[in-house]
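What the coordinates show
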Amino acid sequence: MKTITLEKKEQLQALNVSGAEAIVKILLEEQVATIFGYPGGAIMPVYDALYGYKDKINHVLSRHEQGAIHAAQGYARVSGKTGVCLATSGPGATNLITGLADALIDSTPLVCITGQVHSSLLGTDAFQETDVVGISMPVTKWNCQVTKAADIPKALAKAFYIAASGRPGPVLVDITKDAQFELFDLLYTPCTYLRSYVPTPRLDNRQIEAAAALINKAKKPFVLVGQGVILANAEQELKTFLEKIGAPAAWTVLGLSAMPTDHFLNVGMLGMHGNYAPNVKTNECDVLIAVGMRFDDRVTGNLDYYAKQAKVIHLEIDPSEIGKNVATDVAVLGDAKESLKALTTMVEANDHNEWVQSFRALEKVENDKVMQAQLYPTQEQLSMAEVVRIVSELTHQEAILVTDVGQHQMVASRYFKFNNSKSNVTSGGLGTMGFALPAALGAQIGQPERTVVAFIGDGGFQMTLQELGTIKQENAQVKIIILNNNFLGMVRQWQELFFDKRYSETEISSPDYVQLSAAYGIAGKRVAMRDNLKAAIAEMLAHDGAYLLEVMVAKEGNVFPMIPTGASVSDIRLV
């Protein structure tokens, strides 16, 4: 069998190959270097084909399919490439569903290939048969089932194009076992166009002009930065735009690292546990400029009281997000990079220093009432914030931060600092506990030269702790910090504040994490005293290989500020 790449036509040809080998060849043609997956009966032909390509494709064997897809997400988020994972039929495929839902809401490009029973058995309740196409339809950008080998090239070409173009997202291609065995003549051309699919809307100069007119007249412009900036590789365009108009900018959780933490126009995080100033000032600005974000409920609070005084400009690639939650005065549809470029040429240079300084005044209030006590506590028990602060300092703001979901996620998002983009990996929209450990592995594989630090709660860690085995097998350098408060911390905080401290089923016991990591061949240590904390973190960071550091933190520590459910963003509580 001979493979010929025709550069002019960008075609891959191979005669008399199996569907399974065609899949592998197509993955190579799409520049896929790493796959995350778990073998099984219905996907076995593909794994057999992979055996002959070990020197060209690195397969990462997860310990659970959910671990595979979260690892693929972490890989995609830091590398800017499409993550790829494989799973078998039935439970193998259904174990991907949480990751698909997570990737869809967080706009992460994935191509998931699942095996399926023989086409003659479809609909018969055969062993390990599940209608994964039907199940995954609501949580994928696109999906399909393939029953003939000849249909594999077109399906995969379409899958890679849809996953990465426009607003990225996950796709799933379900391939029957007989299609994997069937022989055919492969002709593969990457997809660059689909009828009726418009991934990137054409910029409307009239909307650019209208947006610029509002910005030029604004006395108190305020920019909200979402992940769309990162996905569009528009970080420099954002910086140029902000510095030209002189407007303060705040970021969503997924927009974190789109601009350096220490930039003079960066005023912090939006949302329920965001910073005091950007939340309060949202209801004082006169022009609100949202870039690549979707006005999630955790950002807006009660919509009846959200930025009613402001004209809203929304730069967004996905038309469905325009006006979905917040009424938009000017919608600039298009890729954030191109939209910001065009808008920057139209706006006037300005200086809103007095407006920016009003944010700084509220920052001081938050610092005095909240941050100092969290970052430099005087009580005996360690705080999550001081652990995050020390790790951030010792990594010189250059590390990739991976977080699970809960109190530690909000604390790390608030206090970890960044110099570089694509440095924050977290489950934003879905809030998936168990995300961080496999995602950190994927991030380390995606950026092997960078330090990857995973902050995980004791609850979330126990959901996917088996992926320690994958980390060890891959010799990944992931630094794992378990912030252990013996509680499901975020739920406990709500129970304390809104349910009269009725701690119903939130206290949780843990294994000996140091012994557990040792059982996997991973070094570890536990620390509970402040005098030992910095040295323990330094030891972890200096260690050659993966390392697990368990830090015992205050059992009833809370994350503030906080916007109570149903409240306005300007009603944010400091205590």
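Details of the structure are given in the entry above.
Before going into details, it helps to say that this report is about the structure given with it. This one's a predicted model, so the numbers in the text were calculated from it and none came from an experiment.

Structural notes on the nonpolar core
Membership of the largest hydrophobic core comes to 100 residues, with the highest contact counts inside it found for Phe 222, Val 223, Phe 241, Leu 288, Ile 289, Phe 455 and Val 551. It is helix H15 (residues 353-375) that contributes the most residues to this core, 7 residues altogether. Split by domain, the residues of this core number at least three in each of domain 2 (205-359) and domain 3 (380-552). Other than its neighbours up to four places away in sequence, Val 223 contacts Phe 241, Leu 242, Ile 245, Ala 247, Pro 248, Ala 249, Ala 250, Ile 289 and Val 291.

What about the pattern of salt bridges?
Overall, the coordinates contain 21 salt bridges when judged by the stated rule. The residue Asp 204 makes a salt bridge to Arg 206 at a minimum N-O spacing of 3.1 Å. For Asp 204, a relative accessible area of 26% corresponds to the partly exposed category. The exposure class assigned to Arg 206 is exposed, which follows from its relative accessible area of 61%. Two residues, Glu 237 and Lys 337, come together in a salt bridge whose shortest N-O distance is 3.2 Å. Separated by 100 residues along the polypeptide, Glu 237 in helix H11 (residues 235-245) and Lys 337 in helix H14 (residues 336-346) bring together distant segments of the chain. When its relative accessible area of 12% is taken as the criterion, Glu 237 is described as buried.

A word on the environment of Ser 320
With respect to the helices and strands, the residue Ser 320 is situated in the loop between strand S14 (311-316) and strand S15 (330-333). Here Ser 320 falls in the partly exposed class, since its relative accessible area comes to 46%. Side chain to side chain, Ser 320 and Asp 318 meet in a polar contact 2.9 Å long.

Observations regarding the sheet that holds strand S11 (residues 249-251)
For sheets, the rule is that strands pair by backbone hydrogen bonds, running either parallel or antiparallel. On the basis of which strands lie adjacent, the open sheet formed by 6 strands has the order S12-S11-S10-S13-S14-S15 and parallel pairing. Strands with a single pairing partner mark the edges of an open sheet, and in this sheet they are strand S12 (266-269) and S15. Recorded for the sheet is a direction-independent mean angle of 20° between the axes of neighbouring strands. Inspection of the sheet shows S11 paired to S12 by 2 bridges, in the parallel sense.

Let's talk about the sheet that holds strand S4 (residues 58-61)
Taking strand neighbours across the sheet as the criterion, the 6 strands line up as S4-S3-S5-S6-S8-S7 in an open arrangement whose pairing is parallel. What marks the edges here is a single partner per strand, and that holds for S4 and strand S7 (142-146). For this sheet, the mean angle separating the axes of adjacent strands, direction not counted, is 20°. Pairing analysis gives 5 bridges linking strand S5 (residues 83-87) to strand S6 (residues 110-116), with the strands arranged parallel. The residue of S6 that forms the bridge with Ala 87 is Thr 114. Across the sheet, helix H3 (residues 65-79) touches strand S3 (34-37), S5 and S6, and the angle it forms with S5 is around 170°. Against the sheet, helix H5 (residues 97-105) touches S6 and strand S8 (170-176), its axis set at about 145° to S8.

Some words on the packing of aromatic side chains
On inspection of all chains with the given rule, the structure shows 10 aromatic pairs. Both rings, one in Tyr 161 and one in Tyr 197, keep their centres 5.7 Å apart while their planes meet at 90°; by these two values the pair is edge-to-face. Here Tyr 161 is found in helix H7 (residues 152-164), whereas its partner Tyr 197 is found in the loop between strand S9 (183-188) and helix H9 (205-217), with 36 residues between them in sequence. Classification of Tyr 161 as buried rests on a relative accessible area of 16%. Of the residues examined, Tyr 197 reaches a relative accessible area of 21% and is grouped as partly exposed. Ring geometry for Phe 461 and Tyr 513: centres 5.4 Å apart, planes at 90°, overall edge-to-face. Linking Phe 461 in helix H19 (residues 458-461) with Tyr 513 in helix H22 (residues 513-519), this pair joins segments that are 52 residues apart in sequence. In terms of burial, Phe 461 and Tyr 513 fall into one category: buried. Within the aromatic cluster, the residues linked to one another by ring pairs are Phe 222, Trp 355 and Phe 359. Over the face of the ring belonging to Phe 487 we find Arg 492, whose NZ or CZ atom lies 5.8 Å from the ring centre.

Reading the values: the criteria
Residues numbered from 1 in each chain as written. Predicted model: local features only at pLDDT ≥ 70, side-chain atom pairs only at ≥ 80, totals over all residues. Heavy atoms only, no water. Core = buried A, V, L, I, M, F, W, Y, C linked by side-chain atoms within 4.5 Å. Buried < 20%, exposed > 50% of the residue type's maximum accessible area, 1.4 Å probe, protein only. Helix = DSSP H or I, 4+ residues; strand = E, 2+ residues; numbered from the N terminus. Domains from an automatic or database assignment. Contact = heavy atoms within 4.5 Å. Salt bridge = Lys/Arg side-chain N within 4 Å of Asp/Glu carboxyl O. Polar contact = N/O pair within 3.5 Å; in protein donor to acceptor, adjacent residues only side chain to side chain. Pairing = 2+ DSSP bridges. Axes fitted to C-alpha atoms, helices over the stretch in contact; angles between N-to-C directions. Phe/Tyr/Trp six-rings, centres within 6.5 Å; stacked < 30°, edge-to-face > 60°. Lys NZ or Arg CZ within 6 Å of the ring centre and 35° of its normal.

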